[in-house]
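Okay, here's what each chain looks like letter by letter:
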Amino acid sequence: DTEVTQTPKHLVMGMTNKKSLKCEQHMGHRAMYWYKQKAKKPPELMFVYSYEKLSINESVPSRFSPECPNSSLLNLHLHALQPEDSALYLCASSQGALAVYYEQYFGPGTRLTVT
Amino acid sequence: GENVEQHPSTLSVQEGDSAVIKCTYSDSASNYFPWYKQELGKRPQLIIDIRSNVGEKKDQQIAVTLNKTAKHFSLHITETQPEDSAVYFCAASKEYGNKLVFGAGTILRVKS
């Protein structure tokens, strides 16, 4: 299995809602990432987990809260989002994070709309 | 921090022609340079990468060149096909942390 899966594919939420995005991989990768991608823009790194520990937080607002329950799962908890947070949220995984160069495999993304 | 500039922003070529996309980076410590292809509505997929100890790498119709002195690297696609139409992103990363910094992207259109 060489895929990263993400659920849901689409999500519409109000500014007062709480929702979660889920990412899963079964490739034995030990690093997982969250990216945000706006239309016609490159992916922007949000968080990196290495061996289930948060290793990089790119100064992301606290209304985004990542969680890595185990080496195969990555969640992104959303609360009190703003309309400008509407974007495609991509999850990625790689064999490692803190050594050498490992290809990052991307999931299909969750398209989030905040109303 | 690292800054990656990518040119051109759009590129139209005829089927069978070559396409070249160029990127420059600012941090001389960066030493890993992948290229991703993203078709409309799909996920980014790695098409080729190069590490700083190599000047050129080829894989079938695509090749990447790296000039560390000038801090720029380029993607070359030969004999383009309509299915090569997509957005192409270059990226740069340092050895540790695997933090990818992406260029702004190039929309490639291959006309048949």
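For the structure, see preceding data.
So, here is what we can say about the structure in this document. Worth saying up front: this structure is predicted, and the values here are computed from it rather than measured. (Residues numbered from 1 in each chain as written. Chains lettered and ligands numbered in written order. Predicted model: local features only at pLDDT ≥ 70, side-chain atom pairs only at ≥ 80, totals over all residues. Heavy atoms only, no water.)

In this section: the nonpolar core. Judged by nonpolar contacts, the single largest core of 24 residues is most densely connected at Trp35, Phe73 and Leu108 of chain B. Mapped onto this core, the elements with two or more residues apiece are strand E2 (10-14), strand E3 (19-25), strand E4 (32-38), strand E5 (45-51), strand E7 (62-67), strand E8 (72-77), strand E9 (86-92) and strand E11 (106-111) of chain B. (Core = buried A, V, L, I, M, F, W, Y, C linked by side-chain atoms within 4.5 Å. Buried < 20%, exposed > 50% of the residue type's maximum accessible area, 1.4 Å probe, protein only. Helix = DSSP H or I, 4+ residues; strand = E, 2+ residues; numbered from the N terminus.)

Before going further, it helps to spend a moment on the sheet that holds E8 of chain B. Residues and elements named next belong to chain B. Strand order in the open sheet formed by five strands is E1-E3-E8-E7-E6, and the pairing between neighbours is antiparallel. The strands lining the two open edges of the sheet, one partner per strand, are strand E1 (4-7) and strand E6 (56-59). Averaged over all adjacent pairs, the angle separating strand axes in this sheet is 15°, with direction ignored. One ladder, built from six bridges, connects E3 with E8; its direction is antiparallel. From the neighbouring strand, Lys22 faces E8, where its bridge partner is Ser74. (Pairing = 2+ DSSP bridges. Axes fitted to C-alpha atoms, helices over the stretch in contact; angles between N-to-C directions.)

Moving on, we get to the state of the cysteines. Two cysteines joined by a covalent bond between their sulfur atoms form a disulfide. What the rule picks out here adds up to two disulfides over all chains. Through a disulfide, Cys23 of chain A is tied to Cys91 of chain A; the S-S separation comes to 1.9 Å. The sign of the S-S torsion, about -70°, decides the handedness of the disulfide formed by Cys23 of chain A and Cys91 of chain A: left-handed. With Cys23 of chain A in strand E3 (residues 18-25) and Cys91 of chain A in strand E9 (residues 87-94), this residue pair connects regions lying 68 residues apart in the sequence. The pair formed by Cys23 of chain A and Cys91 of chain A is uniform in burial state, with each residue classed as buried. In this model Cys23 of chain B forms its disulfide with Cys90 of chain B; the gap between the sulfur atoms is 2.0 Å. A torsion of -100° about the S-S bond marks the disulfide between Cys23 of chain B and Cys90 of chain B as left-handed. Residue Cys23 of chain B is located in strand E3, and its partner Cys90 of chain B is located in strand E9; the two are separated by 67 residues in the primary sequence. Take Cys23 of chain B and Cys90 of chain B: they sit in the same class, and that class is buried. (Disulfide = S-S within 2.5 Å.)

What follows covers the pairing of E11 of chain B. All names here are of chain B. Only one face of E11 is covered, namely the one carrying Thr106, Leu108 and Val110; the face carrying Ile107, Arg109 and Lys111 has none of its residues buried. Where E2 meets E11, five bridges bridge the pair, whose relative direction is parallel. When the sheet's bridge partners are listed, Gln14 is paired in E11 with Lys111.

All right, on to the sheet that holds E3 of chain A then. Residues and elements named next belong to chain A. Taken in spatial order, the four strands of this open sheet run E1-E3-E8-E7, and their pairing is antiparallel. Taken across any chain shown, the strands that pair with only one partner, and hence form the sheet edges, are strand E1 (4-7) and strand E7 (64-70). For this sheet the average axis-to-axis angle between neighbouring strands, irrespective of direction, equals 20°. Relative to E3, E1 runs antiparallel, the two sharing four bridges.

Moving on, we come to the pattern of salt bridges. Across all of its chains, the model carries seven salt bridges over all chains by this definition. Arg43 of chain B is paired through a salt bridge with Glu3 of chain A; the nearest N and O atoms lie 3.7 Å apart. Placement of the pair is Arg43 of chain B in the loop between E4 and E5 and Glu3 of chain A in the segment before E1, with the two residues belonging to separate chains. (Salt bridge = Lys/Arg side-chain N within 4 Å of Asp/Glu carboxyl O.)

The values reported here are purely geometric and, on their own, carry no functional implication.
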